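Here are the chains, one letter per residue:
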Amino acid sequence: MGIRTGAQYMEGLKSRTPEIWMEGRRVTDVVNEPVFKQPIQEIARLYDMQHDPQYQNDITHICTETGERVNNSFLHPKSYEEMMARSKLFEIYAKATFGLMGRTPDFLNVVVTGMAHNGWFLDQYNPEWSVNIKNYYNYIRDNDLFLTHAIINPQNDRSKNSHGQKDTFTHLGAVEETPDGLVVRGAKMLATLAPITDEVIIYSFPGFAPGDERYALAFAIPIDTPGLKLLCREPMQDGKRSLFDHPLASRFEEMDALLVFNDVLIPWDRVFLYNNVEAANLLYPKTGIAQQPAHQSGVRGYIKLAFATEVACKLADSIGVDVYLNVQNDLGELVQNVEVIRSLLRVAEYEYETTASGEVMPNGAALETIRGMLPKMYPRAIEVMQVIGAGGLLMSPTGYDFNAPEIRDDIDKYYLGREGVASLERVKLFKLAWDLCGEAFGQRLLQYERYYTGDPIRKRAIFYNGHKRKASFSMVDDALSVTENLVETQPKLVK
Ligand SMILES: Cc1cc2nc3c(=O)[nH]c(=O)nc-3n(C[C@H](O)[C@H](O)[C@H](O)COP(=O)(O)OP(=O)(O)OC[C@H]3O[C@@H](n4cnc5c(N)ncnc54)[C@H](O)[C@@H]3O)c2cc1C
Ligand SMILES: Nc1c(O)cccc1C(=O)O
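Just so it is clear, the structure is predicted and the values come from calculations on it, not from any experiment.

Conventions we followed
- Residues numbered from 1 in each chain as written.
- Chains lettered and ligands numbered in written order.
- Predicted model: local features only at pLDDT ≥ 70, side-chain atom pairs only at ≥ 80, totals over all residues.
- Heavy atoms only, no water.
- Helix = DSSP H or I, 4+ residues; strand = E, 2+ residues; numbered from the N terminus.
- Buried < 20%, exposed > 50% of the residue type's maximum accessible area, 1.4 Å probe, protein only.
- Polar contact = N/O pair within 3.5 Å; in protein donor to acceptor, adjacent residues only side chain to side chain.
- Contact = heavy atoms within 4.5 Å.
- 1 Å grid on protein atoms, 1.4 Å probe; cavity = no way out; pocket = protein on both sides within 12 Å on 5 of 7 lines; lining within 4 Å.
- Points joined across faces, edges and corners; volume = space filled by probe spheres on them.
- Phe/Tyr/Trp six-rings, centres within 6.5 Å; stacked < 30°, edge-to-face > 60°.
- Pairing = 2+ DSSP bridges.
- Axes fitted to C-alpha atoms, helices over the stretch in contact; angles between N-to-C directions.
- Near = heavy atom within 4 Å.
- Areas by Shrake-Rupley, 256 points an atom, 1.4 Å probe, with all protein chains shown as cover.
- Nonpolar A, V, L, I, M, F, W, Y, C, P; charged D, E, K, R; others polar.

Caption draft 1: Inspection of the side chain of Arg 270 at higher detail. Structurally, the position occupied by Arg 270 is in the loop between strand S11 (256–267) and strand S12 (271–274). Residue classification places Arg 270 among the buried positions, given a relative accessible area of 14%. A distance of 2.9 Å separates a polar atom in the side chain of Arg 270 from a polar atom in the side chain of Glu 199. What Arg 270 contacts, discounting residues up to four positions off in sequence, is Tyr 136, Tyr 139, Glu 199, Ala 218, Phe 219, Ala 220, Ile 221 and Pro 222.

Here it is in structure tokens:
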């Protein structure tokens, strides 16, 4: 089959019956559910772009195995050119959502592609696992499926491991082995976009301890597998708020869900890892699913940071405050931050690494630096936007007010911006900014940038410890070398 259209993606959603709970009710018609309607359209647009002559050659390629056209996120990069073909796709998809949808299909496609092409790692433990993940990769590539994932345990008692929790099956664990597959029970979070996806893949960041064997799992199942419940958080837009008043929140709500597994049967051919703490801890670092997804999220984060910076600059210009030094200083800092991420991306791509199995990966240190800097830079961009917008962010009329003839003159007169900026233009800009820096929608985007890639504190500590292991500190040695034997040659202190 190969690439799908947006309509085929939506037909796929209609063909499934996932158990979705939101605001205390079952969601049975996800395509027509107001909360999901527009986000589905945004994802459908990404699928349609694969058929658009303007984008097709930049975001898809002909699969050498099947001869079908498939998305570039399924490329297993064996050259700089193939790595850059993925980078181009990441950028085009990110620009289509201003970087505000973090878990677009390309993200997990990259994860599964990485896992599937590093089967050597899984073969060390169980050769069936590498066959299963490779077959799964072929399946989602050839059917162009959209995945969600949940790799975090529910936030119960973080001072204890999974086997130390009060209830054995709070964290998702294996209950029993059957001839047909593995029965699992418990929960995982935080499956972004789960209600509007086709499948879910489960695995974990490193962190298992001896005794956690039953929780050391990696598998994938259809999102409507019997026994799987999706418990959604409170929606951040009800699908009825106008595009005028909420130009971003009304389009890009990325629903997050807790996944609850009630004795769900995972067919053996969908099990990629099981009952092995060492394998579960090494899956992430050893199969490239730390580095390769960080490329996609680095490009996406760059677009999102650049977008937020553009909004802050336009906001300041619209009310004439970017004539002042303090504002110029703040905006200059944001623009430089964007340049830092852009430069790090180029360095990551120019200084790519090739693995023993011939996989080309963007430079790990540069990607890890992006991973550590975006959680600081994006909140900074939002803070500057809030400081510049000041009270004006709370002082906007609604689209309905513009349509009220009795007050239209007042609106046009008192919501005017600087010379040349009509009230409609200024108000639309401030609404764009408010969605990013005021709404719950925008706060989620900020929290996303802090935590989407794991805990930045622990990731930065891992990065430092890795640096300490690898660095030579040779400059210190050089500087100290001139002072060798100084004590012996030191002239006696004569008072
Ligand atoms: C908007 C958003 C979308 C997300 N989307 C997804 C997704 O699609 N799929 C997915 O699997 N995950 C997703 N995540 C979850 C993300 O992976 C986690 O938020 C991240 O890994 C951090 O884990 P946590 O949120 O449970 O924080 P916790 O680990 O509970 O940390 C809470 C606080 O305690 C501290 N802490 C906790 N444990 C330790 C420790 N052992 N040592 C030191 N400090 C500790 C942390 O530093 C932090 O300050 C998403 C998160 C967000 C915010
Ligand atoms: N955040 C990630 C995820 O959710 C899955 C795989 C990798 C990552 C990552 O950022 O490294």
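Additional details are given in the paragraphs that follow.
Caption draft 2: Structural detail: empty space enclosed by the protein. For the structure on display, the rule yields 1 cavity of 30 Å³ or more. In this structure, the largest cavity encloses a volume near 50 Å³.

Caption draft 3: View of the environment of Val 30. Its location among the elements puts Val 30 in the loop between strand S2 (25–27) and helix H2 (34–49). Taking the C-alpha atoms as reference points, Val 30 and Lys 14, 16 residues apart in sequence, are found 7.6 Å from one another. Once residues lying within four places of it in the same chain are set aside, the contact partners of Val 30 are Leu 13, Ile 20, Phe 36, Ile 40, Pro 195 and Ile 196.

Caption draft 4: Representation of the side chain of Glu 449. Secondary-structure assignment places Glu 449 in helix H15 (residues 440–451). In this structure the side chain of Glu 449 is engaged in a polar contact, spanning 2.9 Å, whose partner is the side chain of Arg 300. Setting aside residues no more than four positions away along its own chain, Glu 449 makes contact with Arg 300, Gly 301, Lys 304, Leu 374, Pro 375 and Tyr 378.

Caption draft 5: Summary view of the packing of aromatic side chains. This structure, assessed with the given rule, holds 16 aromatic pairs. Measuring from ring centre to ring centre gives 6.0 Å for Phe 98 and Phe 252, while their planes differ by 80 degrees; the resulting arrangement is edge-to-face. In this pair, Phe 98 sits in the loop between helix H4 (80–96) and helix H5 (105–116) while Phe 252 sits in the loop between strand S10 (228–232) and S11, placing the two residues 154 residues apart along the sequence. Judged by its relative accessible area of 29%, Phe 98 falls in the partly exposed class.

Caption draft 6: Representation of the sheet that holds strand S1 (residues 19–22) in the model. Taken in spatial order, the 6 strands make up an open sheet running S2-S1-S10-S11-S7-S6, and their pairing is mixed. The sheet terminates laterally at S2 and strand S6 (173–178), the two strands that pair on one side only. With strand direction ignored, the average angle separating the axes of adjacent strands in the sheet is 25 degrees. Relative to S11, strand S7 (residues 181–192) runs antiparallel, the two sharing 9 bridges. Counted as the bridge partner of Lys 188 is Leu 259 from S11.

Caption draft 7: Just the sheet that holds S12, in detail. Reading across from one edge, S5-S8-S9-S12 is the order of the 4 strands in this open sheet, with mixed pairing throughout. Lying at the two open borders of the sheet, with one neighbouring strand each, are strand S5 (147–150) and S12. Taking the axes of each pair of neighbouring strands and ignoring which way they run, one obtains an average angle of 20 degrees across the sheet. Here H5 sits on the sheet and contacts S5 and strand S8 (199–202); the angle it forms with S5, its principal contact strand, is near 75 degrees.

Caption draft 8: Broad picture of the site of ligand 1. Taken together, 19 residues lie near ligand 1, and Ile 151, Gln 155, Arg 158, Leu 190 and Asp 455 sit nearest. In the model, an oxygen atom of ligand 1 is placed 2.6 Å from a nitrogen or oxygen of the Arg 158 side chain. Protein burial of ligand 1: of its 950 Å² of free accessible surface, 74% is covered by the chains. Within the residue set of the shell around ligand 1, elements represented by two or more residues are S5, S7 and H15. No other element matches H15, which puts 4 residues into the shell around ligand 1.

Caption draft 9: A look at the site of ligand 2. Around ligand 2 sit 13 residues, and of these His 149, Tyr 284, Arg 371, Tyr 452 and Thr 453 come closest. The side chain of Tyr 284 places a nitrogen or oxygen atom 2.5 Å from an oxygen atom of ligand 2. Protein burial of ligand 2: of its 290 Å² of free accessible surface, 99% is covered by the chains. Taken together, the residues of the shell around ligand 2 break down into 9 nonpolar, 2 polar and 2 charged.

Worth remembering: the numbers are spatial, not functional.
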